[in-house]
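Architecture at a glance
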Number of protein chains: 2
Amino acid sequence: MAPADSLTEFLSRARREVDDALERYLPRPPECPRLVSDAMRYSLFAGGKRLRPILTLAAGDAVSRRTEVLPHNSRAMDQVVAQDRQKVAQDFSPALPAACAIEMIHTYSLIHDDLPAMDNDTLRRGRPTLHVVYGDGIAILAGDGLQAAAFTLLAQEPASVDPMVAARKLRVAALVGAAAGPIGMVAGQAIDLQAVPSHAVSLDAGALRDMHARKTGALIRAAAVSGAIMVGGEDAAVAAVDAFAAHVGLAFQIVDDILDVEGTDATLGKSAGKDAAAHKPTYPALFGLDRSRALATECLEAARKALVDAGLTDGWLLAVAEWVVARKN
Amino acid sequence: MAPADSLTEFLSRARREVDDALERYLPRPPECPRLVSDAMRYSLFAGGKRLRPILTLAAGDAVSRRTEVLPHNSRAMDQVVAQDRQKVAQDFSPALPAACAIEMIHTYSLIHDDLPAMDNDTLRRGRPTLHVVYGDGIAILAGDGLQAAAFTLLAQEPASVDPMVAARKLRVAALVGAAAGPIGMVAGQAIDLQAVPSHAVSLDAGALRDMHARKTGALIRAAAVSGAIMVGGEDAAVAAVDAFAAHVGLAFQIVDDILDVEGTDATLGKSAGKDAAAHKPTYPALFGLDRSRALATECLEAARKALVDAGLTDGWLLAVAEWVVARKN
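Residues numbered from 1 in each chain as written. Chains lettered and ligands numbered in written order. Predicted model: local features only at pLDDT ≥ 70, side-chain atom pairs only at ≥ 80, totals over all residues.

Section: the relation of the copies chain A and chain B
Overlaying chain A with chain B gives an RMSD of 0.0 Å, the required rotation being 180° about an axis along which the chain moves by 0.0 Å. Such a turn and shift between the copies fits a two-fold axis. Among all residues of chain A, the one whose C-alpha sits closest to the rotation axis is Pro-163 of chain A, at a distance of 2.9 Å. Interface overlap between copies is the fraction of interface residues in one copy that are interface residues in the other; for chain A against chain B it reaches 100%, indicating a shared surface. (Least-squares fit on C-alpha atoms with pLDDT ≥ 70 in both. Contact = placed C-beta atoms within 7 Å.)

Following this line, the structure appears as structure tokens:
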């Protein structure tokens with residue numbers, strides 16, 4: 001496990017690179033109408049945790065360190081290799097476009113989920129939600145635009161004529177599309193929309209897990225796996241990162257449910273207690289708070305095991321998972 | 001120009017192949033929840049004209065015929081070449097995934113545009129709009145899902161390890177993303193949303209043309225150009241198809257505006273006269289019906305010239321443009 005100050009530094013640097021790249025990649029006036037540009041930026045730069053792009057960069061970093069072990073037979077060569085690995089470990093560029101595209105998709109999903117026709121939320125990241133400020137029509141369009149911009153980015157960047165890079169980009173675009181679309185995130189939100197008492201649908205533990213696997217888990221997995229693929233990870237490393245991220249995604253959701261019970265509007269930056277108020281199925285509702293906390297810890301252990309078994313413990317990937325479970329908002 | 005019965009046959013065959021492929025490509029239960037699957041299919045199989053995918057296939061066909069001219073020096077070789085060209089001309093498969101993806105994106109845009117928060121339309125293709133039947137929340141999600149499914153399809157199909165095919169798929173995904181996103185279709189719809197008297201924004205002829213170039217023109221151009229790219233068209237052919245489609249897109253919109261004035265709910269399958277009722281800027285409102293008809297004819301002439309100059313008159317591409325201008329719904 002990396003020392004806490006390293007994780008802090010890693011998170012800070014990753015967030016800065018993601019923010020800078022998002023600003024570069026996002027269309028702006030005059031090509032993009034100011035209203036649409038302002039609306040997209042309002043939500044994209046609202047102080048989100050950047051969990052998904054951080055997972056992309058951390059997974060890319062961890063897999064690079066594993067992949068780039070070069071043969072060496074002298075102390076001097078050891079030093080070169082150490083420098084190379086350090087350099088590789090600091091180069092976010094192969095995975096940065098995918099990281100940004102996934103954050104765009106995550107942001108669009110929050111915008112649409114918050115609409116009155118969906119979850120009808122008025123507070124997000126401590127500010128009024130987008131439709132409260134810009135109206136429902138522009139909020140729908142800003143979300144639609146972010147999704148299109150995300151796939152445009154995945155197709156365009158990193159620019160390269162290398163056939164291997166092209167193959168990776170197509171693979172990532174296909175898996176992000178599946179994770180975000182009608183068998184993934186969209187499906188999860190549809191199931192969630194129906195899972196309220198007025199629709200007379202109640203979910204058991206298995207159905208709750210399936211809903212979350214789609215609604216939040218799929219994109220979290222796609223985020224981590226995209227990083228592994230974009231740095232050229234081999235199949236075994238990609239599979240290990242996928243298994244790791246599946247556990248992290250479930251832990252993330254359980255903690256989210258716990259925070260909705262324990263947190264306040266002020267600590268969360270969004271409306272607390274809304275799950276219970278809406279009679280939504282949650283882990284605390286099904287298992288109680290203590291058992292839910294234990295489940296989150298079990299997920300973290302399983303995530304750790306997936307990385308250890310694959311030799312992917314260099315770097316900050318595991319520390320990111322621990323941060324996900326320990327977070328207070 | 002191809003005889004009318006050939007065009008009819010071409011349209012019929014293209015529509016059948018597109019419908020079959022859409023059914024194959026679209027996620028279904030159990031991977032996709034039945035509600036989402038039903039909602040997407042309700043709008044996707046509502047009897048649309050399939051103009052955009054037809055343009056994709058017709059452009060691919062025309063460019064294939066131009067590209068596949070082989071050297072020959074005997075009557076026997078002439079026959080072989082003629083058979084080859086016929087075969088090439090009948091093979092929709094390289095462009096079919098792009099054609100279907102673009103129809104998915106077009107359909108999602110209709111679903112979202114029809115929402116109460118946008119144009120608030122209750123009739124489309126002779127049936128109640130999706131949100132009237134399924135509610136606004138599921139309609140938003142069905143649209144979101146169709147957009148994600150479209151880009152997933154562009155990344156996955158046609159499946160090939162050929163680096164040239166991979167490069168074409170990435171190029172098409174990038175241009176479709178730009179056409180559909182915040183500098184294209186989404187921008188056009190945002191401008192349109194603002195261009196009503198209550199927002200105190202009025203458009204002159206230049207601004208009207210810019211709005212339509214984004215709202216409908218961009219995806220129509222992307223549709224035709226995708227076909228040209230996917231069959232391996234050279235830069236000059238792709239550019240000619242783009243110029244052709246820009247003129248066709250404008251003609252399409254002018255005719256759309258005319259039909260809104262002259263048509264009825266029954267002939268159009270959607271609410272007629274709604275532009276005037278909403279005080280929307282239109283070609284008839286700015287130029288009158290006669291001048292609008294003349295403008296549409298001028299666009300068709302310019303489109304024809306683009307094809308003639310590039311030697312792309314074999315096949316049905318020009319006939320499709322004529323059909324667009326002559327259509328009654």
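Thoughts on unusual backbone geometry
In this structure, the amide linkage connecting Glu-157 of chain A to the following residue, Pro-158 of chain A, adopts the cis form with an omega of -5°. Following the sequence through the fold, Pro-158 of chain A ends up in the loop between helix 7 (136-156) and helix 8 (163-180). For the bond running from Pro-29 of chain B to Pro-30 of chain B, omega is 5°, close enough to zero to count as cis. By the element assignment, Pro-30 of chain B lies in the loop between helix 1 (4-25) and helix 2 (34-44). One non-glycine residue, Asn-120 of chain A, lies in the positive phi region at around 55°. Assignment of secondary structure puts Asn-120 of chain A in the loop between helix 5 (96-113) and strand 1 (123-124). For Asn-120 of chain A, a count of 15 C-beta atoms within 10 Å puts it in the partly exposed group. (Helix = DSSP H or I, 4+ residues; strand = E, 2+ residues; numbered from the N terminus. Buried ≥ 20, exposed ≤ 12 C-beta atoms within 10 Å, placed from the backbone.)

With respect to the packing of helix 5 (residues 96-113) of chain B against helix 8 (residues 163-180) of chain B
Residue and element names in this part refer to chain B. Here helix 5 crosses helix 8 at 20°, and the two axes come no closer than 12 Å. On the basis of their axis angle, the class for helix 5 and helix 8 is roughly parallel. Considering the relative orientation of helix 5 and helix 8, their crossing is right-handed. Along its contact with helix 5, which presents Ala-98, Ala-101, Ile-102 and Ile-105, the element helix 8 presents Val-172, Val-176 and Ala-180. Each residue belonging to the contact of helix 5 with helix 8 can be placed in one class, and the counts come to seven nonpolar, no polar and no charged. (Axes fitted to C-alpha atoms, helices over the stretch in contact; angles between N-to-C directions. Parallel < 35°, antiparallel > 145°, perpendicular 65-115°, else oblique. Left-handed = near helix turned anticlockwise from the far one by under 90°. Nonpolar A, V, L, I, M, F, W, Y, C, P; charged D, E, K, R; others polar.)

Some words on the interface of chain A and chain B
With 44 residues of chain A at the interface, the matching set in chain B holds 44 residues. Contributing elements (two or more residues each) for the side of chain A that touches chain B: helix 2 (34-44), helix 7, helix 8 and helix 9 (185-194) of chain A. Ranked by residues supplied to the side of chain A that touches chain B, first place goes to helix 7 of chain A with 14 residues. Tallied by class, residues from the side of chain A that touches chain B come to 31 nonpolar, nine polar and four charged.

Some words on the environment of Ile-258 of chain B
All names here are of chain B. Its place among the elements puts Ile-258 in helix 11 (residues 235-262). Along the sequence, Ile-258 and Ala-306 sit 48 residues apart, while their C-alpha atoms lie 25 Å from each other. What Ile-258 contacts, discounting residues up to four positions off in sequence, is Pro-284, Leu-289, Ser-292 and Arg-293.

Quick word on the environment of Leu-300 of chain B
All names here are of chain B. Turning to its location among the elements, Leu-300 is positioned in helix 15 (residues 289-309). C-beta crowding within 10 Å serves as the criterion here: with 21 such atoms nearby, Leu-300 is assigned to the buried category. Sequence-wise, Leu-300 and Ala-174 are 126 residues apart; in three dimensions their C-alpha atoms are separated by 28 Å. Each residue touching Leu-300, except ones within four places of it in the same chain, is listed here: Ala-251, Ala-321, Glu-322 and Val-325.

As for helix 8 of chain A
Compared with the 26 Å implied by 1.5 Å per residue over 18 residues, the 26 Å span of helix 8 of chain A between its first and last C-alpha is a close match. All of the buried residues in helix 8 of chain A are Arg-168, Lys-169, Leu-170, Val-172, Ala-173, Leu-175, Val-176, Gly-177, Ala-178, Ala-179 and Ala-180 of chain A. Its buried side turned inward, helix 8 of chain A meets helix 5, helix 7, helix 9 and helix 10 (205-230) of chain A together with helix 7 (136-156) and helix 8 of chain B. (Expected span 1.5 Å × (residues − 1).)

What about the nonpolar core?
Ranked by size, the top nonpolar core spans 215 residues in total, and within it Val-176, Val-241 and Ala-251 of chain A together with Val-176, Val-241 and Ala-251 of chain B carry the most contacts. The contacts of Val-176 of chain B, once residues within four sequence positions are left out, are Ala-101, Ile-102, Ile-105, Leu-154, Ala-222 and Ser-226 of chain B. (Core = buried A, V, L, I, M, F, W, Y, C linked by C-beta atoms within 7 Å.)

Brief notes about the packing of helix 5 of chain A against helix 7 of chain A
Residue and element names in this part refer to chain A. Two elements in contact, helix 5 and helix 7, have axes separated by 8 Å at closest approach and are oriented at 160°. It follows that helix 5 is roughly antiparallel to helix 7 by the angle criterion. The handedness of the crossing between helix 5 and helix 7 is left-handed. Mapping the contact onto sequence places Pro-97, Ala-98, Cys-100, Ala-101, Met-104, Ile-105, Thr-107, Tyr-108, Ile-111 and His-112 in helix 5 and Ala-139, Ile-140, Ala-142, Gly-143, Leu-146, Gln-147, Ala-149, Ala-150, Leu-153 and Leu-154 in helix 7.

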